[in-house]
Amino acid sequence: TLECGQIVWGLAFSAWPAAGAGETDPACAVGLPCLILATGLNDGQIKVWEVQTGHLLFSLLGHQDVVRDLSFAPNGSLILVSASRDKTLRVWDLSRDGRQVQVLSGHVQWVYCCSISPDCSMLCSVAGEKSALLWSMRSYTLIRRLEGHQSSVVSCDFSPDSALLVTASYDACVIMWDPYTGEQLRTLRHVPLHSALDYSSEVHTSSLRSVCFSPEGLYLATVADDRLLRIWALELRSPVAFAPMTNGLCCMYFPHGGFIATGTRDGHVQFWTAPRVLSSLKHLCRKALRTFLTTYQVLALPIPRKLKEFLTYRTF
């Protein structure tokens, strides 16, 4: 357990590069990479920890309100994007002593979540509005606005091959999008686990707080106000596993699978075991192709229509 001293609202894992023989690194032994975890806190601080030892590496200051979410650039560059209730996104470079390198302004509501695509070309942010914004990570300009939810969108995440984007909303739904075309591919609806329970109060107890993809791209995890952590299989419309948890605000898969970290209102990070899966050869081929091909590039290939539908995730 990491004692953060504040309510934990956001989490992000990253690998810290191995230190060379001539380098001094407070986090890692010489020649050994280590895992770090960034935590977004209630007072606007971002604390970055070395997971195995619990050593505090950085306290990043700049946000004026709750840091609601965090996203590391998946290319190992130690670029960290943070989303805050101060209506800004900020870009930090941990390889340069945690220097703040960019402030993104444009949201008019609290920014709840940010997610960088695995190919580092896109950034999705959601800010308490019914739409999600998709940005270019190269120019920081708006690519498109994704509209389809009936209430505030509070969480988003890209699939490992960048071909899918999921958004979660207070409307108790997760929408799966094609980020290249803006098309809605699937909606996952959160329903009460026990129908006998009374969910008719003004506050919808299934309101979603967080959604994230598993590292191989075949599962989703969601945290909702009905005190459940749910695991979804990508091709099914109902959850495949549940775990009871209280005060859950955010969730994040361990980079190598098998575990999920959740942050709670009482200031703790909890770790959970999660289903493991052996990816099919078909999915591995699709994932490998979609890592470097956009939807439009797939549709332009001289291949059968059914194969195009599979490669663009239209065959759930």
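The protein chain is annotated in an unreviewed UniProt entry as WSB2 protein of Ibidorhyncha struthersii. Of the protein chain, the UniProt comment under Pathway (unreviewed entry) reads exactly: "Protein modification; protein ubiquitination."

Below, the discussion takes up the sheet that holds strand β14 (residues 165-169). The 4 strands lie next to each other as β13-β14-β15-β16, forming an open sheet whose pairing is antiparallel. Single-partner strands in this sheet number two, and they are β13 (153-158) and β16 (183-189). Averaged over all pairs of adjacent strands, the angle between their axes in this sheet comes to 20°, without regard to strand direction. As defined by bridge partners, β13 adjoins β14 across 5 bridges and the pair is classed as antiparallel. Following the sheet pairing, aspartate 157 is matched in β14 by valine 166.

Moving on to the pattern of salt bridges. Side chains that differ in charge, positive against negative, can pair when their charged atoms come close. Applying the stated criterion across every chain, the model contains 7 salt bridges. The salt bridge partner of aspartate 226 is arginine 230, with a shortest N-O separation of 2.8 Å. For arginine 230, a relative accessible area of 2% gives the class buried. The partner of glutamate 309 in a salt bridge is arginine 305, and the shortest N-O contact between them spans 2.7 Å. Taken together, the positions of glutamate 309 and arginine 305, both in helix α3 (residues 305-311) and 4 residues apart, correspond to about one turn of that helix.

On to the sheet that holds strand β21 (residues 248-253). With antiparallel pairing, the 3 strands of this open sheet are ordered in space as β21-β22-β23. Because the sheet does not close on itself, it has two edges, and the strands there are β21 and β23 (269-273). Across the sheet, the mean angle from the axis of one strand to that of its neighbour is 25°, orientation sign disregarded. When β21 meets strand β22 (residues 259-264), the two strands line up antiparallel, connected through 5 bridges.

Moving on: the side chain of serine 121. Its place among the elements puts serine 121 in the loop between β9 (113-116) and β10 (122-126). Owing to a relative accessible area of 11%, serine 121 belongs among the buried residues under this scheme. Within the local environment of serine 121, its side chain forms a polar contact with the side chain of aspartate 119, the two groups lying 2.8 Å apart. Ignoring sequence-local partners within four residues, the contact set of serine 121 consists of Trp135, Ser136, Met137 and Arg138.

For the rest of this paragraph, the subject is the side chain of serine 169. Along the chain, serine 169 falls in strand β14. Within the structure, serine 169 has its side chain in polar contact with the backbone nitrogen of aspartate 171 (distance 3.0 Å). Ignoring any residue separated from it by four or fewer positions in sequence, one finds serine 169 in contact with His149, Ser151, Ser152, Val153, Val154 and Leu208.

In this section: the UniProt feature "repeat: WD" (unreviewed entry) in the protein chain. Mapped onto the present numbering, the UniProt feature "repeat: WD" (unreviewed entry) falls at residues 37-59, 60-95, 104-145, 146-187 and 201-235. In residues 37-59, the share of helix is 0% and the share of strand is 65%. The end C-alpha atoms are 12 Å apart. Structurally, residues 60-95 comprises 0% helix and 53% strand, and the distance from its first C-alpha atom to its last is 13 Å.

Glancing now at the nonpolar core. Side chains that are nonpolar tend, in soluble globular proteins, to be buried together. Counting residues in each nonpolar core, the largest one holds 17 residues, and the members touching the most others are Trp16, Ile36, Ile46, Val48, Leu60, Leu80 and Leu94. Elements with a minimum of two residues in this core: β1 (8-16), β2 (34-41), β3 (46-50), β4 (55-60) and β5 (67-72). Once you skip the residues sitting within four places of it in the chain, leucine 94 turns out to touch Trp16, Ile36, Val48, Phe58, Leu60, Phe72 and Leu78.

Time to look at the layout of surface pockets. As a volume, the largest pocket reaches approximately 810 Å³. Lining the largest pocket we find 41 residues, and of these Phe13, Phe72, Pro74, Met252 and Tyr253 sit closest to its centre. Only β1, β5, β9, β13, β17 (208-213) and β21 provide two or more residues apiece to the lining of the largest pocket.

The subject of this paragraph is the environment of leucine 35. The residue leucine 35 is located in strand β2 in this model. The class of leucine 35 is buried, set by a relative accessible area of 18%.

What counts, and at which threshold
- Residues numbered from 1 in each chain as written.
- Predicted model: local features only at pLDDT ≥ 70, side-chain atom pairs only at ≥ 80, totals over all residues.
- Heavy atoms only, no water.
- UniProt positions renumbered as here; feature names shortened; annotations may be inferred.
- Pairing = 2+ DSSP bridges.
- Helix = DSSP H or I, 4+ residues; strand = E, 2+ residues; numbered from the N terminus.
- Axes fitted to C-alpha atoms, helices over the stretch in contact; angles between N-to-C directions.
- Salt bridge = Lys/Arg side-chain N within 4 Å of Asp/Glu carboxyl O.
- Buried < 20%, exposed > 50% of the residue type's maximum accessible area, 1.4 Å probe, protein only.
- Polar contact = N/O pair within 3.5 Å; in protein donor to acceptor, adjacent residues only side chain to side chain.
- Contact = heavy atoms within 4.5 Å.
- Core = buried A, V, L, I, M, F, W, Y, C linked by side-chain atoms within 4.5 Å.
- 1 Å grid on protein atoms, 1.4 Å probe; cavity = no way out; pocket = protein on both sides within 12 Å on 5 of 7 lines; lining within 4 Å.
- Points joined across faces, edges and corners; volume = space filled by probe spheres on them.

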